[in-house]
Amino acid sequence: MSAVSDRLPAFPWDKLEPYKKTAAAHPDGIVDLSVGTPVDPVPELIQKALIDAADSPGYPTVWGTPALRDSITGWVERRLGAREVTHRHVLPIVGSKELVAWLPTQLGLGPGDRVAYPRLAYPTYEVGARLARADHEVYDDPTDLDPAGLKLLWLNSPSNPTGKVLSKDELTRIVAWARSHGILIFSDECYLELGWEADPVSVLHTDVNGGSYDGIVAVHSLSKRSNLAGYRAAFLAGDPAVLSPLLQIRKHGGMMTSAPTQAAVVAALGDDEHVRLQRDRYAARRTALRGALLRHGFRIEHSEASLYLWATKDESCWTTVSALADLGILVAPGDFYGEAGAHHVRVAFTATDERVRAAVQRLT
């Protein structure tokens, strides 16, 4: 066990504990804006679907029910601009983090193979490469990378942590470059339905991929758009030549979404109204926090989509974290996401309306 754990970096969130204690000591309590975990209720129609499927004594299948696959293919075509998506083009997964962490291993990557991801990025991309003992590197523009030995290219738009969105033209250029070098693209699009100042586009859109899914897979999650982080509900969509062997591996590994969760996903993907209502909640919180941060002397960069504000005072991120903790506000230091974030903090707007109002008042 130690041989495996020794490959991994120190768990970054442990470093935030002292600041969390400081923030929690505020007379009016902590406002935790550090982790983007949903706080609003699971929509009733999704809860009902879960409850109705609660009597599920048998094992679920890894590929999911036909109804689940129908709901995914329908949503991918309706929402992402994909065409001719069949059951072979989709695969349910047990939350997106599990997939990110174990994908390089499941792809058979190892020493000498290279995995690349954005310079500012979700730390689990690196963790996945380390677990597989593959080499890993960061990029500003992936087309500047040396393609030799590059086996897996992670895209993330909208970005966590910055909220930056890749345009349709940028995605088209990157997909064409990767294909010309035989590089597999996995595009993490978990925040795609949370665009504020931009309209995020999927690599599955026909304008991006030319109507072919060769060499591309998109990762989607219901954690944010449907408040289902506790359900562990996500899926892949894209190249069947990639998804088919992954399905077989995951069958052997027992990586199956529970039957009640599968039923809940069918309900969630079939309803757009609850997504609209949740977007409205987040939009109001974003507007309030953004204004308060600007008045407090912060500069907001990117942040045109996702659930975060990428904020800076041009000082060490830990200086900012400490100062905000003294106000009872906990945020994530930017260096959790790479050295390039050393002067930024990530501010989530996933707190309740009451806690957001408290944060605004303290920042004023």
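What counts and how
- Residues numbered from 1 in each chain as written.
- Predicted model: local features only at pLDDT ≥ 70, side-chain atom pairs only at ≥ 80, totals over all residues.
- Heavy atoms only, no water.
- Salt bridge = Lys/Arg side-chain N within 4 Å of Asp/Glu carboxyl O.
- Helix = DSSP H or I, 4+ residues; strand = E, 2+ residues; numbered from the N terminus.
- Buried < 20%, exposed > 50% of the residue type's maximum accessible area, 1.4 Å probe, protein only.
- Contact = heavy atoms within 4.5 Å.
- Pairing = 2+ DSSP bridges.
- Axes fitted to C-alpha atoms, helices over the stretch in contact; angles between N-to-C directions.
- Left-handed = near helix turned anticlockwise from the far one by under 90°.
- Nonpolar A, V, L, I, M, F, W, Y, C, P; charged D, E, K, R; others polar.
- Phe/Tyr/Trp six-rings, centres within 6.5 Å; stacked < 30°, edge-to-face > 60°.
- Lys NZ or Arg CZ within 6 Å of the ring centre and 35° of its normal.
- Parallel < 35°, antiparallel > 145°, perpendicular 65-115°, else oblique.

Novice: In this structure, what is going on with the pattern of salt bridges? I would like to understand it.
Specialist: Pairs can form between side chains of opposite charge once their charged atoms are near each other. Counted according to the given criterion, the structure contains 21 salt bridges. Put simply, Arg173 and Asp141 hold a salt bridge, and the shortest N to O gap is 3.3 Å. Here Arg173 is found in helix 7 (residues 168–180), whereas its partner Asp141 is found in the loop between strand 4 (135–139) and strand 5 (150–156), with 32 residues between them in sequence. Classification of Arg173 as partly exposed rests on a relative accessible area of 38%.

Novice: I would appreciate a short explanation of helix 10 (residues 259–269) in the present structure.
Specialist: Every α-helix winds through 3.6 residues per turn, so residues three or four apart in the chain are directed the same way. The element helix 10 is extensively covered by neighbouring structure, given that 8 of its 11 residues are classed as buried. Buried within helix 10 we find Pro260, Thr261, Gln262, Ala264, Val265, Ala267, Ala268 and Leu269. Among the structural elements, helix 3 (44–52), helix 4 (66–80), strand 8 (234–238) and helix 11 (273–295) are those in contact with the buried residues of helix 10.

Novice: Looking at this structure, I do not really get the sheet that holds strand 3 (residues 114–118). What am I missing?
Specialist: Two orientations exist for strands paired in a sheet by backbone hydrogen bonds: parallel and antiparallel. One open sheet holds the 7 strands; their spatial order is 2-8-7-6-5-3-4, and the pairing between them is mixed. Across the chains shown, the open sheet's two edge strands, defined by having one partner strand only, are strand 2 (90–93) and strand 4. Ignoring strand direction, the axes of neighbouring strands in this sheet form an average angle of 20°. The strands touched by helix 7 within the sheet are strand 5, strand 6 (184–188) and strand 7 (216–221), with strand 5 carrying the most contacts at an inclination of about 170°.

Novice: Got a minute to help me understand the side chain of Arg250 in this structure?
Specialist: Examined against the element boundaries, Arg250 turns out to sit in helix 9 (residues 240–253). Beyond its immediate stretch of four places on either side in the chain, Arg250 contacts Val62, Leu91, Pro92, Ile93, Val94, Glu98, Leu99, Gln106 and Met255.

Novice: Is there a simple way to think about the packing of helix 5 (residues 96–106) against helix 6 (residues 124–132) in this case?
Specialist: Packed helices, taken two at a time, are described by the angle between their axes plus the distance between the axes. Closest axis-to-axis distance for the helix 5/helix 6 pair is 7 Å, and the angle between their directions is 35°. The handedness of the crossing between helix 5 and helix 6 comes out as right-handed. Here Lys97, Val100, Ala101, Trp102, Pro104 and Thr105 of helix 5 come into contact with helix 6, specifically with Thr124, Tyr125, Gly128, Ala129, Leu131 and Ala132. Along the lines of polarity and charge, the residues of the contact of helix 5 with helix 6 split into 8 nonpolar, 3 polar and 1 charged.

Novice: Just checking my understanding: could you explain the environment of Ala237 for this structure?
Specialist: Turning to its location among the elements, Ala237 is positioned in strand 8. We classify Ala237 as buried; its relative accessible area is 1%. For the pair Ala237 and Leu91, spaced 146 residues apart in the sequence, the C-alpha separation amounts to 6.5 Å. Setting aside residues no more than four positions away along its own chain, Ala237 makes contact with Val76, His89, Val90, Leu204, Ile216, Val217, Ala218 and Leu243.

Novice: Is there a simple way to explain unusual backbone geometry in this structure?
Specialist: What is expected of a backbone is that most residues other than glycine have negative phi and most peptide bonds are trans. Looking along the chain, the bond that leaves Ser157 and enters Pro158 is cis, with omega of -5°. Inspection of the secondary structure assignment puts Pro158 in the loop between strand 5 and helix 7. Look at the link from Asn160 to Pro161: it is a cis peptide, with omega at 25°. Looking at where Pro161 falls in the secondary structure, it is placed in the loop between strand 5 and helix 7. The backbone phi angle of Arg133 is positive, close to 65°, even though this residue is not glycine. Within the fold, Arg133 resides in the loop between helix 6 and strand 4.

Novice: Just to check I follow, could you spell out the packing of aromatic side chains for this structure?
Specialist: The geometry of an aromatic ring pair is captured by two quantities: the separation of the ring centres and the angle between the planes. According to the stated counting rule, one finds 12 aromatic pairs in the structure shown. Centroid distance Tyr282 to Phe349: 6.3 Å. Interplanar angle 70°. Geometry classified as edge-to-face. Here the residue Tyr282 occupies a position in helix 11, and Phe349 occupies one in the loop between strand 13 (344–348) and helix 13 (353–363), the gap between them amounting to 67 residues. Each of the two residues, Tyr282 as well as Phe349, counts as buried. A connected cluster of aromatic rings, assembled from ring pairs, spans Trp13, Tyr19, Trp318, Phe336 and Tyr337. Sitting over the ring of Phe298, Lys313 keeps its end group 4.9 Å from the ring centre. Sitting over the face of the ring of Tyr308, Arg346 holds its NZ or CZ atom 3.8 Å from the ring centroid.

Novice: So what exactly am I meant to see when it comes to the environment of Leu293 here?
Specialist: Relative to the helices and strands, Leu293 resides in helix 11. The buried category is assigned to Leu293, whose relative accessible area is 3%. Considering only alpha carbons, one finds Leu293 and Ala359, 66 residues apart in sequence, at a separation of 9.6 Å. Dropping the residues within four chain positions of it, Leu293 is found in contact with Phe298, Ile300, Leu309, Val347 and Leu363.

Novice: Please clarify how the packing of helix 5 against helix 9 should be interpreted in this entry.
Specialist: For the pair helix 5 and helix 9, the least separation of the axes is 12 Å and the interaxial angle reads 105°. As judged from the angle between their axes, helix 5 and helix 9 are roughly perpendicular. Along the contact surface, helix 5 presents Glu98, Leu99, Leu103 and Gln106, while helix 9 presents Leu246, Ile249 and Arg250. Taken together, the residues of the contact of helix 5 with helix 9 sort by class into 4 nonpolar, 1 polar and 2 charged.

Remember, this is a structural readout, not a statement about activity or role.
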